[in-house]
2 protein chains.
Amino acid sequence: MEVNKVTIHDIARALDINSSTVSRALSDSPRVAKKTKDRILKKAQEMGYQRNLLASNLRKNITNTIGVVLPRISRHFFSSVIQGIEEAAYQEGYNVMICQSLEQYEREKNIIETLAANRVDGVIVSISMETVDYNHFECLKSRGVPLVFFDRHCDIPGYNNVLIDDFQAGFDATQHLIEKGCKKIIHFSGPQELEIYKNRFEGYKAALIKNDLPFRSDYVIKTRLNEVDGIANTKKLLNDKLEFDAIFSANDVAAIGAIKCLNEEGIRIPDDISIVGFSNEPISTVINPTLTTINQPGVEMGQRATELLLKNIQNKKAPLKPETIILDSSLIDRESTGKSH
Amino acid sequence: MEVNKVTIHDIARALDINSSTVSRALSDSPRVAKKTKDRILKKAQEMGYQRNLLASNLRKNITNTIGVVLPRISRHFFSSVIQGIEEAAYQEGYNVMICQSLEQYEREKNIIETLAANRVDGVIVSISMETVDYNHFECLKSRGVPLVFFDRHCDIPGYNNVLIDDFQAGFDATQHLIEKGCKKIIHFSGPQELEIYKNRFEGYKAALIKNDLPFRSDYVIKTRLNEVDGIANTKKLLNDKLEFDAIFSANDVAAIGAIKCLNEEGIRIPDDISIVGFSNEPISTVINPTLTTINQPGVEMGQRATELLLKNIQNKKAPLKPETIILDSSLIDRESTGKSH
DNA sequence: CTGTTAGCGCATTCAG
DNA sequence: CTGAATGCGCTAACAG
């Protein structure tokens, strides 16, 4: 069963030429005669030759592979980012290795080390919610492997970020709720150690202040932004008899949890309580027209991050100056656009 | 910037010992003295040594990596399969390389060749809807790389499949609708070249026959099982004034399309029209309680497929006899279990 | 245009 | 227990 270990030497021997010529022919070098090239290609085919990329990569010291590290591929935002990354990467002949941290620091660390050990040419990362220090990127840094962060800001000096304006998004979301007449707006907030959630929170606060609404700290619920938390916190809000007429969730998953809970309790959205979350998940938002969302440009974010990364990979000698790209996000109001229900 | 290329030779030189000893120490071989081992490990740490897996893998002729090829990671079923695969793989110290075919034969072919070139130790595949011949697996076959198929049956002799009983699932779905009083049941069918969709279709037919309902070929709609198709076909059904009281969709995505279309038209589900699709997508099904689903055990499928694959990898000399594992799927009726609405 | 030579970094013989 | 030698398969000088 374990067969077919035909190498360039085998095909060189079969043709009574040198293996370097074979190597050159197989990488379509111009420095080899059409005729011999054809002979070699034909023989290679006929012998069932398959290049060993391990050997090739070891020799060339590149892998043509970029690593992608993100919390969860099942979240639609992230899978649309992957979409963008793959498009941009394949176009330039790069492969993509996708890894999920599952929001766990330990896993993220392992992944980064594995990617480094596998000598990927560059890495695109959206850090986990648990990640507060960046020492685990040292193994990439020390080898000069380019790194681009997206969605969740990371301020390691010298690296690039591709983000949306989270302050603005938080502001817009809150402003939207206020304009709809909401006055008691709960905020499901994420870990404040992460810029992204801090900024969304600050945007929320700024919108309240601008509209002369009081900021109440008991309206700010610290959550881990998962669905279970979203459900539990909403239930707790109801039990506590804290009056509120809207929720602005710092991500989509917690918002989904809130919707589920409110549905269960027979509370109508948005008539009784309005909700805004972040998302570009088509299924949850279009089928369920009660969730107004801040739409994040996932595909574009993936593309931009990849383009930046590849530029860094190719320009490694003269690294670009670190830049932060801010993409536009847009608020989508399902109530006013959805025809259904 | 391009720095830190410390190899076992560097650390050997620094300690004035031989690189083989270093190599042994770093792979924790028992054939090296505790004392020297400690010295080496310490020095390695201190010099910032990182093993080059490319070189190591080339030498050992294994990669400790398995490839996964599936249509789309954004579909919840597939991402839960990945969940299962990663769990089982990491436990055994394997890495996972995830690739999406996007239901395109050409992409699938490229991916398989890339995986083969990268010398993965085994591959887990759910073939694309376009895939009707299996020649592109030859590059793995010829090297004796183990291969396990899941969800979408593939009958290359000598390889394993992990599936659900699609005939039974199709039967159950249809039976369920009949028991609810539906008599005019549309079937959104997939490519009949694929066993999976043929079997679901056969199950549908069998249930009709068993219940003395007529089988009508105009009730069977060939679709590509994507959302756009689901919407378009539903709209067409309505325009054609073909009477129907239920849809059994051969996957979830087309069912989602149907729901969207019916929502738009103000047709109530399930009062006017019932729908059954395949899914284990929590968001779409729980929030939207109108979609009854055949639940597919994604995580378990991933685990079983991986266990099988790893067994094959480890037993390569004496390959297991090809087996097909059939897992249970269960019908989940949102109408009777959902408390909401 | 082609051959020769020399490694990429590591793991594994085989000797001691 | 450690050292010396060899080569995994490929590519990149450098000659010719």
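Residues numbered from 1 in each chain as written. Chains lettered and ligands numbered in written order. Predicted model: local features only at pLDDT ≥ 70, side-chain atom pairs only at ≥ 80, totals over all residues. Heavy atoms only, no water.

Draft legend 1. Spatial organisation of the overall build of chain A. Within chain A, the secondary structure is distributed over 14 helices and 12 strands. Its C-alpha atoms give chain A a radius of gyration of 26 Å, clearly above 20 Å, the size a compact globule of 341 residues would have. Principal-axis analysis of the C-alpha atoms gives chain A an extent of 85 × 40 × 35 Å. Look at the contacts in chain A between residues 6 or more apart in sequence, and 72% of them connect residues 24 or more apart. Summed over its atoms, the accessible surface of chain A is roughly 14,800 Å², and 49% of this surface lies on carbon and sulfur atoms. Averaged over its 43 positive side-chain charges, chain A has a centre that lies 9 Å from the centre of its 45 negative ones. (Helix = DSSP H or I, 4+ residues; strand = E, 2+ residues; numbered from the N terminus. Rg over C-alpha atoms; globule rule 2.2 N^0.38 Å. Contact = heavy atoms within 4.5 Å. Areas by Shrake-Rupley, 256 points an atom, 1.4 Å probe, with all protein chains shown as cover. Lys, Arg positive; Asp, Glu negative; His and termini not counted. Charge placed at Lys NZ, Arg CZ, Asp CG, Glu CD.)

Draft legend 2. Focus on the packing of aromatic side chains. If you walk through the whole model with that rule in mind, you get 14 aromatic pairs over all chains. If you follow K205 of chain A out to its NZ or CZ, it ends over the ring of F215 of chain A, 5.3 Å from the centre. (Phe/Tyr/Trp six-rings, centres within 6.5 Å; stacked < 30°, edge-to-face > 60°. Lys NZ or Arg CZ within 6 Å of the ring centre and 35° of its normal.)

Draft legend 3. Just the protein's contact with DNA strand D, in detail. Neighbouring DNA strand D are 25 residues, the closest being I8, Y49 and R59 of chain A together with A33 and R59 of chain B. Near the protein, within 4 Å, the atoms of DNA strand D are sugar or phosphate in 57% of cases. Contacts to DNA strand D include S23 of chain A, whose side-chain N or O atom sits 2.8 Å from a phosphate oxygen. Only helix 1 (8-15), helix 2 (19-26) and helix 4 (53-60) of chain A together with helix 2 (19-26) and helix 4 (53-60) of chain B provide two or more residues apiece to the surface near DNA strand D. Per-element accounting of the surface near DNA strand D gives the leading share, 4 residues, to helix 4 of chain A. Of the residues contributing to the surface near DNA strand D, the split by class is 7 nonpolar, 10 polar and 8 charged. (Near = heavy atom within 4 Å. Polar contact = N/O pair within 3.5 Å; in protein donor to acceptor, adjacent residues only side chain to side chain. Nonpolar A, V, L, I, M, F, W, Y, C, P; charged D, E, K, R; others polar.)

Draft legend 4. Quick peek at the sheet that holds strand 9 (residues 274-278) of chain A. Residue and element names in this part refer to chain A. Ordered in space as 7-6-8-9-10-12, the 6 strands form an open sheet in which the pairing is mixed. The two strands at the open ends of the sheet, each matched to only one other strand, are strand 7 (220-222) and strand 12 (330-332). In this sheet, neighbouring strand axes are inclined to one another by 20° on average, regardless of whether the strands run parallel or antiparallel. Pairing of strand 9 with strand 10 (residues 292-295), which is carried by 3 bridges, proceeds in the parallel orientation. The residue bridging V276 from the neighbouring strand is T292, located in strand 10. Across the sheet, helix 9 (residues 195-210) is in contact with strand 6 (185-189), strand 7, strand 8 (246-249) and strand 9; its angle to strand 6 comes to roughly 170°. Across the sheet, helix 11 (residues 252-265) is in contact with strand 6, strand 8 and strand 9; its angle to strand 9 comes to roughly 155°. (Pairing = 2+ DSSP bridges. Axes fitted to C-alpha atoms, helices over the stretch in contact; angles between N-to-C directions.)

Draft legend 5. Spatial organisation of the domain arrangement of chain A. Residues and elements named next belong to chain A. Looking at chain A, the domain boundaries give domain 1 (3-51), domain 2 (65-163 + 298-328) and domain 3 (166-296 + 331-337). Between the C-alpha centres of domain 2 and domain 3 there is a distance of 28 Å. Counting from both sides, the interface comprises 13 residues of domain 2 and, opposite them, 17 residues of domain 3. Counting the surface lost from both domain 2 and domain 3, the interface buries some 1,200 Å², and carbon and sulfur atoms represent 55% of this. Interface area lost by domain 2 to domain 3 is led by R75, H76 and M129, which between them contribute 44%. One can count 1 salt bridge joining domain 2 with domain 3. Salt-bridge contacts for D252 lead to R75; the nearest nitrogen and oxygen are separated by 3.1 Å. Linking domain 2 with domain 3 are 2 residue pairs in polar contact (both at pLDDT 80 or more). (Domains from an automatic or database assignment. Buried area = accessible area lost by both parts, 1.4 Å probe. Salt bridge = Lys/Arg side-chain N within 4 Å of Asp/Glu carboxyl O.)

Draft legend 6. Representation of the packing of helix 10 (residues 227-239) of chain B against helix 11 (residues 252-265) of chain B in the model. Residue and element names in this part refer to chain B. Here helix 10 crosses helix 11 at 45°, and the two axes come no closer than 7 Å. The angle between helix 10 and helix 11 places the two elements in the oblique class. Relative to helix 11, helix 10 is oriented so that their crossing is right-handed. Seen from helix 10, the contacting residues are E227, G230, I231, T234, K235 and L238; seen from helix 11, they are V253, A254, I256, G257, A258, K260, C261, L262 and E265. Considering only residue class, the contact of helix 10 with helix 11 consists of 8 nonpolar, 3 polar and 4 charged. (Parallel < 35°, antiparallel > 145°, perpendicular 65-115°, else oblique. Left-handed = near helix turned anticlockwise from the far one by under 90°.)

Draft legend 7. Molecular detail of the environment of E106 of chain A. All names here are of chain A. As for its position among the elements, E106 is in helix 6 (residues 105-117). Residue E106 is classed as partly exposed on the basis of its relative accessible area of 48%. Sequence spacing of E106 and C182 is 76 residues, and the spatial spacing of their C-alpha atoms is 41 Å. (Buried < 20%, exposed > 50% of the residue type's maximum accessible area, 1.4 Å probe, protein only.)

Draft legend 8. Quick look at the nonpolar core. I66 of chain A together with I66 of chain B are the most contacted members of the largest nonpolar core, which has 171 residues in total. Among all residues touching I66 of chain A, those that are not within four sequence positions of it are I85, A89, Y94, N95, V96, M97, G122, I124, T306, L309, L310 and I313 of chain A. (Core = buried A, V, L, I, M, F, W, Y, C linked by side-chain atoms within 4.5 Å.)

Draft legend 9. Inspection of the protein's contact with DNA strand C at higher detail. Taken together, 25 residues surround DNA strand C, and among them N18, S20 and R59 of chain A together with Y49 and R59 of chain B come closest. Backbone atoms, meaning sugar plus phosphate, form 54% of the atoms of DNA strand C positioned within 4 Å of the protein. Here T21 of chain A contributes a side-chain N or O atom positioned 2.8 Å from a phosphate oxygen of DNA strand C. The separation between a base nitrogen of DNA strand C and a polar side-chain atom of R59 of chain A is 3.1 Å. At the level of secondary structure, the elements contributing two or more residues to the surface near DNA strand C comprise helix 2 and helix 4 of chain A together with helix 1 (8-15), helix 2 and helix 4 of chain B. The element that contributes the greatest number of residues to the surface near DNA strand C is helix 4 of chain B, accounting for 4 residues.

Draft legend 10. Spatial organisation of the sheet that holds strand 12 (residues 330-332) of chain B. Residue and element names in this part refer to chain B. In spatial order, the strands read 7-6-8-9-10-12; together these 6 strands make up an open sheet with mixed pairing. Edge positions in the sheet fall to strand 7 (220-222) and strand 12, since each of these pairs with one other strand and no more. Along the sheet, successive strands turn relative to each other by an average axial angle of 20°, direction set aside. Bridge count for strand 6 (residues 185-189) against strand 8 (residues 246-249) is 4 bridges, and the pairing is parallel. When the bridges of strand 8 are listed, I186 appears paired with I247. Strand contacts of helix 8 (residues 166-179): strand 6, strand 8, strand 9 (274-278), strand 10 (292-295) and strand 12, with the helix running at about 170° to strand 8, the strand carrying the most contacts. Sitting on the sheet, helix 11 is in contact with strand 6, strand 8 and strand 9, with an inclination near 155° to strand 9.

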